[in-house]
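Given next are the chains, with one letter for each unit.
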Amino acid sequence: MIDAGLPAAGRTLPLDHPGPWLRRYHGRPARAEATLVCLPHAGGSASFYYTWSEALSARYDVLAVQYPGRQDRHREPCLTDVGALAGALAEELAAAVPADRPLVFFGHSMGAVVGFETIRRLERSGASRPPDLFLASGRRAPALSRDDGIHRLSDAALITELGRLGGTDTSVLDDPELAQLVLPAVRADFTAVETYTPEAGAVVRCPVVALLGDSDPRVTPEQAAAWREHTTADFALRVFPGGHFYLGDGRAAVLSTVTAHVDALLGG
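Our subject in this report is the structure included herewith. Only a predicted model underlies this, so the values are computations on that prediction, with no experimental measurement involved. (Residues numbered from 1 in each chain as written. Predicted model: local features only at pLDDT ≥ 70, side-chain atom pairs only at ≥ 80, totals over all residues. Heavy atoms only, no water.)

## Some remarks on empty space enclosed by the protein
Over the atoms, a rolling probe the size of a water molecule traces out where space has been left empty. Applying the stated criterion to the full structure yields 2 cavities of 30 Å³ or more. In this structure, the second largest cavity spans a volume of roughly 60 Å³. In this structure, the second largest cavity is lined by Leu93, Ala94, Val97, Leu103, Leu122, Ala127, Ser128 and Arg129. Of the residues belonging to the lining of the second largest cavity, the class tally is 6 nonpolar, 1 polar and 1 charged. (1 Å grid on protein atoms, 1.4 Å probe; cavity = no way out; pocket = protein on both sides within 12 Å on 5 of 7 lines; lining within 4 Å. Points joined across faces, edges and corners; volume = space filled by probe spheres on them. Nonpolar A, V, L, I, M, F, W, Y, C, P; charged D, E, K, R; others polar.)

Rendered as structure tokens:
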């Protein structure tokens with residue numbers, strides 16, 4: 001799951017780049033029912049959502065977010081501020097996303113925080129199509145954000161923490177050259193999310209669905225349920241078997257849940 005800074009595998013090369021921040025892997029259906037924007041976790045990249053695109057692109061225009069400092073953007077400096085990430089992404093989405101279909105965000109872990117702030121910026125800017133639904137995965141509510149000090153750990157301790165979260169084979173980081181490629185982006189991402197403090201009373205106007213694994217060492221169901229305080233619309237909580245990367249082994253169930261919520265939105 002940790003692939004920051006590494007070139008994308010051949011099968012995950014995007015079909016096109018709608019912009020510096022967005023990757024489309026399987027084309028856009030002629031009559032897309034919705035646009036689905038997927039934001040990766042700390043240390044992750046757009047290709048994390050390749051299999052999602054593969055499964056969902058027959059119905060949705062699936063756009064995976066590529067943060068700077070990894071894969072095909074590895075020569076760009078990493079950003080260490082959630083506001084800077086959200087501001088740049090919001091600007092690109094406002095220009096790239098059509099207004100004639102629902103817009104849905106899915107963000108996992110750090111992606112949930114960046115997604116939340118991006119939605120707030122799109123709503124405030126009067127974008128022609130602000131998001132209609134936000135699925136926030138594997139992250140405590142913004143008001144519960146805190147600095148756990150992970151971004152200040154030594155390289156060895158940071159690798160240990162990545163192993164504790166699961167979802168990646170940290171043995172690949174035994175190669176010093178590989179670690180030098182990956183760890184700066186991982187550390188920058190943790191810096192951004194651990195130094196993030198939302199504005200008091202920060203909310204979005206779209207419905208929010210919080211998702212998490214029942215054995216996630218970073219997020220409790222109560223912390224995920226607190227997302228209800230960050231929307232003026234409807235809220236739902238969905239709990240799946242698994243840890244922080246529950247959406248790996250449980251991909252089919254997660255995709256089914258995402259599709260069900262999008263279908264409910266379309267039906268509404």
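## Concerning helix α8 (residues 251–267)
Spanning 17 residues, α8 covers 24 Å between terminal C-alpha atoms, matching the ideal 24 Å at 1.5 Å per step. The set of residues buried in α8 consists of Val254, Leu255, Thr257, Val258, Thr259, His261 and Val262. (Helix = DSSP H or I, 4+ residues; strand = E, 2+ residues; numbered from the N terminus. Expected span 1.5 Å × (residues − 1). Buried < 20%, exposed > 50% of the residue type's maximum accessible area, 1.4 Å probe, protein only.)

## Some thoughts on the packing of aromatic side chains
Across all of its chains, the model carries 9 aromatic pairs by this definition. Here the aromatic residues Phe48, Tyr49, Trp52, Phe106 and Phe245 are joined through ring pairs into a cluster of three or more. Taking the ring centre of Trp21 as reference, the NZ or CZ of Arg73 above it sits at 4.7 Å. (Phe/Tyr/Trp six-rings, centres within 6.5 Å; stacked < 30°, edge-to-face > 60°. Lys NZ or Arg CZ within 6 Å of the ring centre and 35° of its normal.)

## A few points about the environment of Arg24
Along the polypeptide, Arg24 turns up in strand β2 (residues 22–24). Note on Arg24: relative accessible area 7%, which makes it buried. Sequence separation between Arg24 and Tyr246 is 222 residues; the distance between their C-alpha atoms is 24 Å. A polar contact of 2.7 Å, which involves the side chain of Arg24, links it to the side chain of Asp61. (Polar contact = N/O pair within 3.5 Å; in protein donor to acceptor, adjacent residues only side chain to side chain.)

## Re unusual backbone geometry
Residue Gln71 is not a glycine yet carries a positive backbone phi of 45 degrees. Examined against the element boundaries, Gln71 turns out to sit in the loop between β4 (60–65) and α2 (82–96). Classification of Gln71 by relative accessible area gives buried; the value is 5%.

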